[in-house]
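Here is how the chains run, residue by residue.
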Amino acid sequence: MERERPSWDTYFMDITCLVAKRTTCLRRAVGAVIVKDRRLLSTGYNGAPSNVRHCAEVGCLRQQLKVPSGERHELCRGIHAEQNAIIQAAYHGVSIKGGTLFCTTQPCSICAKMIINAGIVRIVYQDGYADPLAIEMLAEAGVELEKLSISETEVPE
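Summary of the structure given here. The numbering scheme is per chain: residues are counted from 1 as the chain's sequence reads. Residues qualify for local features only when their pLDDT is at least 70, as the model is predicted, and side-chain atom pairs are given and counted only at 80 or more; totals for whole chains, interfaces and linings, by contrast, use all residues. The side-chain numbers reported here are obtained from all heavy atoms of the structure, hydrogens and water having been left aside.

**A closer look at the packing of aromatic side chains**
Going by this rule: Think of it this way: a Phe, Tyr or Trp ring, Trp meaning its six-membered ring, pairs with another when their centres are within 6.5 Å, and the plane angle makes it stacked under 30 degrees, edge-to-face over 60, tilted otherwise. Helical segments are the DSSP runs of H or I of at least four residues, strand segments are the runs of E of at least two, and each set is numbered from the N terminus. Each residue gets one of three labels from its accessible area relative to the maximum for its type: buried under 20%, exposed over 50%, partly exposed in between, using a 1.4 Å probe on protein chains only.
Overall, the coordinates contain four aromatic pairs when judged by the stated rule. When the ring of Trp8 is compared with that of Tyr11, the centres are 5.7 Å apart and the planes differ by 85°; the resulting orientation is edge-to-face. With Trp8 and Tyr11 both in helix α1 (residues 8-20), this residue pair falls three residues apart, about one helical turn. With relative accessibility at 39%, the residue Tyr11 sits in the partly exposed group. Here the aromatic rings of Trp8 and Phe12 are separated by 5.9 Å at their centres, their planes lie at 25°, and the arrangement is stacked. In this pair, Trp8 and Phe12 are both assigned in helix α1, four residues apart and thus about one turn of the helix distant. Looking at Trp8, the relative accessible area reads 37%, which means it is partly exposed. Overall, Phe12 belongs to the buried group, its relative accessible area being 4%. Here the aromatic residues Trp8, Tyr11, Phe12 and Phe102 are joined through ring pairs into a cluster of three or more.

Now the structure itself:
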């Protein structure tokens with residue numbers, strides 16, 4: 001019996017969802033994958049930097065201060081998944097210019113600025129995020145932003 005293969009976007013989003021499971025954030029599990037020419041270049045998930053205790057160990061300052069989602073990003077031990085994916089590419093000397101970023105959540109404005117300057121040309125995401133400035137800046141910079149519906153990421157039986 002022949003089985004339908006997932007699209008490339010679905011394939012990479014499925015990997016992105018798996019990457020998100022490595023998160024150490026207590027509030028939101030986010031994964032990011034950077035791809036170019038259908039090759040996976042870098043991955044990232046949200047969590048504390050290397051050699052720094054995770055929120056799972058020390059608690060979440062944002063939660064304690066009741067900071068709403070999308071606000072006061074500086075009050076967090078963690079690095080966003082998109083930032084980690086960009087940093088990992090730089091750390092290993094991998095060019096991501098012209099690449100596509102897959103992310104489980106639409107990037108925030110801080111990540112959008114990094115994505116623009118890293119030369120990423122397309123973003124595919126699953127869940128929205130309350131940051132209209134990010135959408136505005138990505139559009140102005142000509143970065144394609146595409147929401148992949150959950151039904152598209154389901155593997156056919």
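**As for the nonpolar core**
Short version of the rule: The nonpolar core is taken to be a set of buried Ala, Val, Leu, Ile, Met, Phe, Trp, Tyr and Cys residues, with the residues joined through side-chain atoms within 4.5 Å. It only takes one pair of heavy atoms within 4.5 Å for two residues to be counted as in contact.
Of all hydrophobic cores here, the largest spans 22 residues; its most connected members are Ile34, Ile86, Ile96, Leu101, Ile115 and Ile120. Of all the secondary structure elements, the ones that give two or more residues to this core are β1 (31-36), α4 (81-91), β3 (100-105), α5 (109-118) and α6 (132-140). Apart from the residues lying within four places of it in its own chain, the contact partners of Leu101 are Val33, Ile34, Glu82, Ile115, Ile120, Arg122, Ile123 and Val124. Counting residues in each nonpolar core, the second largest holds eight residues, with Phe12, Val33, Phe102 and Val124 among its members.

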